[in-house]
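Each chain, written out:
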Amino acid sequence: MALQRKVDPRIELGDARLDGGEFDGWAQADTEKKKDTMTQLKVAVIPGDGIGPEITEAAVAVMQAAADKFNLELSHDSSPAAAAAVDQGLPPLPDKTLKLCQDADAILCGPFGDPRWDNAPPAERPERAKLILRKTFDLYANLRPVKPVPALIDASPLKRELIDGTDILIVRELTGGLYFSEPRGYGEDDAGRFGHNTLRYHTWEVERIGRIAFDAAMQRKKRVHSADKANALESMQLWRETMIKLHDTDYAEIDLKHVFVDNCCMQLVSDPKQFDVIVAGNMFGDILSDVGAQLTGSLGMLPSASLGKGTPLFEPVHGSAPDIAGQGKANPLAMILTVGMLFTHAAKRPDIGEAIDNAVAKALQKSRTQDIARGSGFEIVGCKQMGEAVLAEL
Ligand code: IPM
Ligand code: MG
C-alpha cells in the first residue's frame, strides 16, 4: 500500500500558543478542578500501533474488571490514531478521536509508531499524533514511576543489591523544550542542507513542572534531583536558576540537588536508590525514563500519566515493538499498570490503582511473558494469558 504523507495542520504547535504563559487551546476544565472521587468514569481508548491493539485488549479487560469490582461505572469507546488511523485514510489524529478524548475523563493510549515511516520527517510521522494530544490538552506533567516489582528483581540488568529498594518518580516536562520550541525545521545555507530545533524554556514552564516535582516529593522522601545541562546550555542555566528560586521560596524543606543529565544517566545505572524524584525537561526526561524503565527488568513494565489542564492521558513508556506485533507475545503489564495510574489520577481512586499493582505483582509469581522470563518457577505465557493471569488475581 502506498504510504500517505499528509501533514496535519494541527501539527504546527509552536511557542505562539504559549505566549503569556496561558494555553488557549481546546483544553477542557482543569484536571485539578475535577471532583475528588468519581463514581463514573468515561475513558477514550486509543489502541495505537504495533503491539498496541493486543496490549490494549488485555488492559481494557483489566480496567473493566477492576471497575466492576470497585463499583465504578465505567464506559469506554475506542478510536484510532497514528499509523492505525493513516492506514484507514485518516489523518494521524482524526477529528473523531480528538472529540472522543475531549469528551472523556481520561485517555488510555497505546504506543504509536510504525517502521514504514522511519525515513519520514518528524512532522509527517504518525507518532506526531501523540505530541499533538499532549499539547492540545496542555499535559505538561508526565509522571513516570520507576519501581521494580519484587518478583522481577532478578530480571533487572543490575545486581539485586543495587536495584532492590529502588523507588523513583521521574517527572518529565512534556509540552515544551526541544520537542515544541520554534524555530524548527529544515533549511539550507552555504554549508549545505541542515535540520534544526530550538530548546527554549520560559521561567513559568520550569516553575509549573518544578511545583509538580516538589509537591510529589513532599508526599515521598522529600528529595528532588533536577537534571539539567547548565554547564553547556543557556536554557538549562535558566532551568537551574528557576528551580533554586522556587525551592528557596516555597519548598525549602525539600532536599534539592542539581545533576547534569549525562551524569544522571550514569548514576541511574550505578546507584538508583539515591533518587526519589527526578525532574527534567522534555528531551532529557524522555531519555532518563527509558534508562529507568530498563532498570526494572523490562521496558515493558513502565506506566505513565500525563497531567495538565485538559483530559489526562495514560500510556505505557515503551514503544510499539513492531518486531513482535501481532504475534501474541507482547508484555501487556506496562499497559495494565497504566490503567492503575488512570484510576489513581483520573478517577482519584488510588485504592483501585493499588489493587491492580498488587494483582500484577501476584500474577508475576506464576506467569511471565518472554521479555521478563529470567529465572525459573513460572510459566512463560503470551500477551492474552498474561492479562488473564492479572485478572485472576484481581
Ligand atoms: C515517549 C516516546 C515519545 C516521546 C515518542 C513516541 C514521540 O518516546 O513517550 O517516551 O519521545 O515522547
Ligand atoms: Mg520515550
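The rules behind each value
- Residues numbered from 1 in each chain as written.
- Chains lettered and ligands numbered in written order.
- Predicted model: local features only at pLDDT ≥ 70, side-chain atom pairs only at ≥ 80, totals over all residues.
- Heavy atoms only, no water.
- Helix = DSSP H or I, 4+ residues; strand = E, 2+ residues; numbered from the N terminus.
- Rg over C-alpha atoms; globule rule 2.2 N^0.38 Å.
- Buried < 20%, exposed > 50% of the residue type's maximum accessible area, 1.4 Å probe, protein only.
- Areas by Shrake-Rupley, 256 points an atom, 1.4 Å probe, with all protein chains shown as cover.
- Pairing = 2+ DSSP bridges.
- Right-handed = clockwise from strand over helix to strand, strands pointing away.
- pLDDT = per-residue confidence, 0-100.
- Contact = heavy atoms within 4.5 Å.
- Core = buried A, V, L, I, M, F, W, Y, C linked by side-chain atoms within 4.5 Å.
- Domains from an automatic or database assignment.
- Near = heavy atom within 4 Å.
- Polar contact = N/O pair within 3.5 Å; in protein donor to acceptor, adjacent residues only side chain to side chain.
- Buried area = accessible area lost by both parts, 1.4 Å probe.
- Salt bridge = Lys/Arg side-chain N within 4 Å of Asp/Glu carboxyl O.

### Things to note about the overall build of the protein chain
Here comes step 1: Along its length, the protein chain carries 12 helices and 14 strands.
Here comes step 2: Its C-alpha atoms give the protein chain a radius of gyration of 20 Å, within 12% of the compact-globule value 21 Å for 394 residues.
Here comes step 3: With respect to the principal axes defined by its C-alpha atoms, the protein chain has extents near 60 × 55 × 45 Å.
Here comes step 4: In the protein chain, which comprises 394 residues, the proportion classed as buried is 55%.
Here comes step 5: Carbon and sulfur atoms provide 51% of the accessible area of the protein chain, an area that totals close to 16400 Å².

### Looking at the pairing of strand E2 (residues 73–78)
Here comes step 1: Sheet topology places strand E1 (residues 40–46) next to E2; six bridges connect them, and they run parallel. Across the sheet, Val45 pairs through a bridge with Ser78, a residue of E2.
Here comes step 2: Taken together, E1, helix H1 (residues 52–69) and E2 form a β-α-β motif whose crossover is right-handed.

### Digging into the confidence of the model for the protein chain
Detailed conclusions should not be drawn from predicted coordinates in areas where pLDDT is low.
Here comes step 1: Looking at the protein chain, pLDDT values average 90 and 91% of them are 70 or higher.
Here comes step 2: Within the model, the stretch residues 1–34 combines pLDDT values under 50 with 79 contacts to residues more than four positions away or in other chains.

### Some points on the nonpolar core
The nonpolar side chains of a soluble globular protein tend to be buried, and buried together.
Here comes step 1: Counting residues in hydrophobic clusters, the biggest one holds 90 residues, and the most contacted among them are Phe343 and Ile356.
Here comes step 2: Take this core: its biggest share by element is eight residues, from helix H10 (residues 333–345).
Here comes step 3: Lining this core are residues from two domains, each supplying at least three of them: domain 1 (24–139 + 300–394) and domain 2 (157–188 + 195–295).
Here comes step 4: When neighbours within four sequence positions are excluded, Ile356 is seen to be in contact with Val62, Ala66, Ile336, Val339, Gly340, Phe343 and Leu394.
Here comes step 5: One finds Ala82, Cys101, Ile107 and Ala129 within the second-largest nonpolar core, a separate group that totals 17 residues.

### Examining the environment of Glu207
Here comes step 1: Here Glu207 is to be found in helix H6 (residues 203–218).
Here comes step 2: The class for Glu207 is partly exposed, based on a relative accessible area of 33%.
Here comes step 3: Spatially, the C-alpha atom of Glu207 lies 9.1 Å from that of Lys245, the residues being 38 residues apart in sequence.
Here comes step 4: Not counting the four nearest positions on each side in its chain, Glu207 is found in contact with Thr242 and Leu246.

### A word on the site of ligand 1
Here comes step 1: Taken together, Arg134, Arg144, Arg172, Tyr179 and Asp286 make up all the residues around ligand 1.
Here comes step 2: At 2.8 Å, a side-chain N or O of Arg134 approaches an oxygen atom of ligand 1.
Here comes step 3: Within the side chain of Asp286, a nitrogen or oxygen atom sits 2.8 Å from an oxygen atom of ligand 1.
Here comes step 4: Out of a free accessible area of 320 Å², ligand 1 has 77% covered by protein chains.

### A word on the domain arrangement of the protein chain
Here comes step 1: Under the domain assignment used here, the protein chain contains domain 1 (24–139 + 300–394) and domain 2 (157–188 + 195–295).
Here comes step 2: When each unit is reduced to the centre of its C-alpha atoms, the spacing between domain 1 and domain 2 is 24 Å.
Here comes step 3: At the interface, 12 residues of domain 1 touch 12 residues of domain 2.
Here comes step 4: In total, domain 1 and domain 2 occlude about 1100 Å² of area from one another, counting both sides; carbon and sulfur atoms represent 56% of this.
Here comes step 5: Among the residues domain 1 hides against domain 2, the three largest losses belong to Leu131, Arg134 and Lys135. Together they make up 36% of the total.
Here comes step 6: Remark: the boundary between domain 1 and domain 2 carries one salt bridge.
Here comes step 7: In this structure, the salt-bridge partner of Asp138 is Arg208, at a minimum N-O distance of 3.0 Å.
Here comes step 8: Counting across the domain 1 and domain 2 interface gives two residue pairs in polar contact (both at pLDDT 80 or more).

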